[in-house]
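# Architecture at a glance
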Amino acid sequence: MARRLSSPGPGRCGAVTYLHTTAKVGQDVVQVVVRVPGRQVHGKGEQLRVSVDAKAVHLFSAKTELRLPADEASA
């Protein structure tokens, strides 16, 4: 999936960088945060190709902002 960064720059937290973007899921546009190792430098609007390990995905409820259990997230 190739995505353009939507935040002014990455958020850094120690040895990881968080990249913020959006993705279209059905008819909805949802926020996506990608965690990458190290202190990578990427700018707003830069296009990056990312892949997803389905076993490492964490999904959250838009209403409660709590993480969805694995069995509910796959439904």
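Everything below is about the structure printed above this text.
To start, this report covers the structure provided alongside it. Given the structure is predicted, the values throughout are model-derived calculations rather than measurements. (Residues numbered from 1 in each chain as written. Predicted model: local features only at pLDDT ≥ 70, side-chain atom pairs only at ≥ 80, totals over all residues. Heavy atoms only, no water.)

### Digging into the overall build of the protein
As a reminder of what qualifies: Helix numbers and strand numbers start at the N terminus; a helix is a DSSP run of H or I with at least 4 residues, a strand a run of E with at least 2. Residue contacts are counted whenever heavy atoms from the two residues lie within 4.5 Å of one another. Residue-level accessible areas treat just the shown protein chains as cover; the underlying method is Shrake-Rupley with a 1.4 Å probe.
The number of helices and strands found in the protein is one helix and five strands. Listing every helix and strand of the protein by position from the N terminus yields β-β-β-β-β-α. Within the protein, contacts between residues at least 6 apart in sequence are counted, and of these 34% link residues at least 24 apart. Carbon together with sulfur atoms contributes 54% to the accessible area of the protein, which is approximately 6,000 Å² in total.

### Overview of the side chain of serine 61
Applied cut-off: Any pair of nitrogen or oxygen atoms within 3.5 Å is treated as a polar contact; in protein, a donor-acceptor pairing is required on top of that, and neighbouring residues in sequence qualify only through side-chain atoms on both sides.
Of note, serine 61 is situated in the loop between strand S5 (47–49) and helix H1 (70–73). In this structure the side chain of serine 61 is engaged in a polar contact, spanning 3.1 Å, whose partner is the backbone nitrogen of threonine 64.

### Considerations on the pairing of strand S4 (residues 28–37)
So the rule is basically this: Exposure classes here rest on a 1.4 Å probe applied to the protein chains alone. A residue is buried below 20% of its type maximum, exposed above 50%, and partly exposed in between. Paired strands are those between which DSSP finds at least two bridges.
The buried fraction of S4 amounts to one of the ten residues, a small share that puts the element mostly on the outside. Pairing analysis gives ten bridges linking strand S3 (residues 16–25) to S4, with the strands arranged antiparallel. The partner of lysine 24 across the bridge, within S4, is valine 29. Count of turn residues in the S3/S4 antiparallel hairpin: two residues, of which glycine 26 carries a positive phi of about 65°.

### Description of the environment of histidine 58
Within the secondary structure, histidine 58 is located in the loop between S5 and H1. Considering only alpha carbons, one finds histidine 58 and proline 69, eleven residues apart in sequence, at a separation of 8.9 Å. A polar contact is formed between the side chain of histidine 58 and the side chain of arginine 67, at a distance of 2.5 Å.

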